[in-house]
Structure formats: C-alpha cells, structure tokens
Amino acid sequence: MEVVVRRLTSLGVLFCRNPQTMAKYAILRARDEFRQNPPQNIRRNQFGTIEGDFAFCTSLYHGYELLLLHGQRSFYNFLQGIVNGEKSYPRARAELMRSHVFVDIMEELRSQFEVFPDSKAPEDGGVSRIGDPAAPAAPPAARFYSHPKIEKLEEIVLQHFRETQSESTRVMIFSQYRDSVDEIALTLAHHAPLVRVMSFVGQSSAGRTTKGVTQKEQMKVVREFRSGGYNTLVATCVGEEGLDIGDVDLIVCYDAHKSPIRCATRFAAPRPRLFFTACAVYHVSVAAFFYHSSSALISRVSRIGFR
C-alpha cells in the first residue's frame, strides 16, 4: 500500500502522512478532486496511469479494512478474488504477484486455512446455508478464530442461551459481508443443539463462488426462525430490510455501519429486548487483535512493495 500511496503523493494528487491510518473514503475524495481539477504539471497521457493507481489503492485499502475489521479469513478470500481476477483488473494482479511480500502473505494464509478449512455445518442441527452440503465440524481443539471479535461474539451468544435456558429465545446477528456471516455461523454451529444457527443472505451472487438465494428460500428461513426451527440468525443487510422476523431477545452487530440510518434499520425489522452493538464486540477486542499474530500481518500488508 505504501508504494502506491507514495506514487500518488509524489504527483500531488493525494495527501497522506501515514498510509496505515488513511481511510478509503479519503482516497475516493482525492480521486474525485483529481478528475475535476487535475494538477497543471501532470500531462494528459499520465491520467490513465493515475486512475489505475487510484483504483489499485482503493482495492488494497478495502482489503486492509477487511483484515482490521473482519479478520484473516475475509482478507484471504478478498486476496484470492484479486489473484483469480474476480475482484480486480490484470494490472493490479500482475503488480501484486511481483511483490515477494504479497506472495509470502498468500502462502502463509493459504497454509493457515488448509489446516483450518471452511468446514461446513455439523449434521446434528448446526448451521444451515441453503445449497451447501453438510460435513462434520472441526473438533474444538482445532478451533481457529480469524479475529478476536468472533471469539467475543461466541462468548456473548453462549452466555445468553445458558442464562435464559428457554426454547423460545431468539438471537439475531448482523454483519456487512457474507464471508463474515459464514464464518460466524460456522463458529456457532459447533455449539449445537444449544445454538441452532442459520445464515441469511441476499439474492444476488458475488463472484463465482458466492451464490445468492431465491426469495422463496429467504421466506423459508424467516418462517423456520419464527417457528423455532432455528434460534439464531446471522444476516447481511438483507435482514435490515423490513422483514417480519418477529420478536428477538438479543441483537449483536458484528460491525458498525457508518450511516446512522443503516445502523438504526438493524433494529427496525426485529423487535429486540436486548442488543449488543459493535461497541461491545469490536472495541473490547481491538486491543487484543493487535497483540495477536494478526498484528504482524497488518504491518506486512502495509509494506507490500513492487518492482
């Protein structure tokens, strides 16, 4: 990231003192400013290269945010999308593959998730994702948390079910990205039958590997959640869209929307008696996150260089 940022700052189209603290929004604003009022010292034939660097930089910072806020698995899936061409363009892929730091990071993550693969749901009432085959869950000794937030969320949900000891209690969890939804659901599935979890995503497909579900399937999920077939629903923003989900006892926001309106709508469709915001899940864990192995990975990502 620092190399691309330096290229843009040296041309006077981006202002940044510390690349690690810069937000993706600042890059987008700088790009818009460049389009409306390009510096006079930049030749017209440089515009395409600069636009490409802005797009590349935005893509890198999105991955960086995923690593910070959602964990190593979401970050790895995003990088895989760049490598196989789903989430970027050929120039970005070529530059990244020339970076030995990037290649080392990919190898490290690949070996990590080969040891702890995306195991599917246990067959005895664990997580269910429409269209996914069931497979045995990983044993507790092999548990891997790609972000401390997931471990904290697991603690909150288990505490709720153990304290209420009621068959009628319901929990709803929101996360912005499908990768996080899947990882949360798979983590909670290890605690079946206490936690009977279902993931709930939108109808659109994201790339070649992440498929959406039909409206009929979505309505089936809602009915089963209301009737008690599942007691935990892990949803993307589709769960915010005014569905008649009914009463829930606990809402947990795995991430925090920057838009107050979007954040408020998370509590409009269900009728919660108690909720934990991202403050409970995120801020408690962010300090621990930097003291875990991911802190070294974050530092290495920010120093990816190119030849």
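For the structure itself, look to the data block above.
The rules we used
- Residues numbered from 1 in each chain as written.
- Predicted model: local features only at pLDDT ≥ 70, side-chain atom pairs only at ≥ 80, totals over all residues.
- Heavy atoms only, no water.
- Helix = DSSP H or I, 4+ residues; strand = E, 2+ residues; numbered from the N terminus.
- Contact = heavy atoms within 4.5 Å.
- Areas by Shrake-Rupley, 256 points an atom, 1.4 Å probe, with all protein chains shown as cover.
- Buried < 20%, exposed > 50% of the residue type's maximum accessible area, 1.4 Å probe, protein only.
- Core = buried A, V, L, I, M, F, W, Y, C linked by side-chain atoms within 4.5 Å.
- Salt bridge = Lys/Arg side-chain N within 4 Å of Asp/Glu carboxyl O.
- Phe/Tyr/Trp six-rings, centres within 6.5 Å; stacked < 30°, edge-to-face > 60°.
- Axes fitted to C-alpha atoms, helices over the stretch in contact; angles between N-to-C directions.
- Parallel < 35°, antiparallel > 145°, perpendicular 65-115°, else oblique.
- Left-handed = near helix turned anticlockwise from the far one by under 90°.
- Nonpolar A, V, L, I, M, F, W, Y, C, P; charged D, E, K, R; others polar.
- Pairing = 2+ DSSP bridges.

### Notes on the overall build of the protein
Line of reasoning, step 1. Across its full length, the protein holds 12 helices and 7 strands.
Line of reasoning, step 2. For the protein, long-range pairs separated by at least 24 residues make up 71% of all intrachain contacts whose partners lie at least 6 apart in sequence.
Line of reasoning, step 3. Total accessible area on the protein is roughly 15400 Å²; 53% of this is exposed by carbon and sulfur atoms.

### Examining the environment of Val 5
Line of reasoning, step 1. Positionally, Val 5 belongs in helix α1 (residues 2-10).
Line of reasoning, step 2. Judged by its relative accessible area of 2%, Val 5 falls in the buried class.
Line of reasoning, step 3. Sequence separation between Val 5 and Arg 17 is 12 residues; the distance between their C-alpha atoms is 10.0 Å.

### Regarding the nonpolar core
Line of reasoning, step 1. Phe 54, Tyr 61 and Leu 79 are the most contacted members of the largest nonpolar core, which has 37 residues in total.
Line of reasoning, step 2. Going through the elements one at a time, α1, α2 (24-36), α3 (47-69), α4 (72-83), α5 (90-97) and α6 (100-115) are the ones with two or more residues in this core.
Line of reasoning, step 3. Tallying contributions element by element places α3 first for this core, with 11 residues.
Line of reasoning, step 4. Ranked by size, the runner-up nonpolar core spans 21 residues in total, among them Ile 156, Phe 161, Ile 173 and Ile 184.

### Description of the pattern of salt bridges
Line of reasoning, step 1. Evaluated as defined, the whole model comprises 9 salt bridges.
Line of reasoning, step 2. Note that Lys 24 is salt-bridged to Glu 65, the shortest N-O span being 4.0 Å. Linking Lys 24 in helix α2 with Glu 65 in helix α3, this pair joins segments that are 41 residues apart in sequence.
Line of reasoning, step 3. For Glu 107, the salt bridge is made with Arg 110, and the minimal N-O distance between the two is 2.8 Å. Here Glu 107 pairs with Arg 110, and both are found in helix α6, just 3 residues apart, close to one helical turn.
Line of reasoning, step 4. One salt-bridge network, in which partners are shared between bridges, spans Arg 7, Asp 53 and Glu 95.

### Some details on the packing of aromatic side chains
Each aromatic ring pair is specified by the distance between its two centres and by the angle formed by the two planes.
Line of reasoning, step 1. Taken as a whole and judged by the stated rule, the model has 3 aromatic pairs.
Line of reasoning, step 2. Taken together, a centroid distance of 6.1 Å and an interplanar angle of 40° make the contact between Phe 34 and Phe 54 tilted. Here Phe 54 lies in helix α3 and Phe 34 lies in helix α2, a separation of 20 residues in the sequence. Neither Phe 34 nor Phe 54 differs from the other in exposure class; each is buried.
Line of reasoning, step 3. Through a chain of ring-to-ring contacts, three or more aromatic side chains come together here, namely Phe 34, Phe 47 and Phe 54.

### Some points on the packing of helix α7 (residues 148-164) against helix α8 (residues 178-189)
Geometry of a packed helix pair, given as the angle between the helix axes and the separation of the axes.
Line of reasoning, step 1. Interaxial distance between α7 and α8 falls to 10 Å at its minimum, and their mutual angle equals 50°. One element, α7, and the other, α8, form an angle in the oblique class. Here α7 runs over α8; the crossing is right-handed. Between α7 and α8, the contacting residues are Ile 150, Leu 153, Glu 154 and Val 157 on the first element and Glu 183, Ile 184, Thr 187 and Leu 188 on the second.
Line of reasoning, step 2. Looking at the contact of α7 with α8 residue by residue, the classes come out as 5 nonpolar, 1 polar and 2 charged.

### Quick look at the pairing of strand β5 (residues 250-253)
Line of reasoning, step 1. Of the two faces of β5, the one lined by Leu 250 and Val 252 and the one lined by Ile 251 and Cys 253 are each fully buried.
Line of reasoning, step 2. Two strands pair when backbone bridges link them, and strand β1 (residues 171-174) and β5 are joined in this way by 4 bridges, in the parallel orientation. What sits directly across from Val 171, in β5, is Leu 250.

### As for the packing of α3 against α4
Line of reasoning, step 1. Where α3 contacts α4, the axes come no closer than 7 Å and their chain directions differ by 155°. Relative to α4, α3 is oriented roughly antiparallel. On α4, the residues touching Ser 59, His 62, Gly 63, Leu 66 and Leu 67 of α3 are Gln 72, Ser 74, Phe 75, Phe 78 and Ile 82.
Line of reasoning, step 2. Classifying every residue of the contact of α3 with α4 by side-chain character gives 5 nonpolar, 5 polar and no charged.

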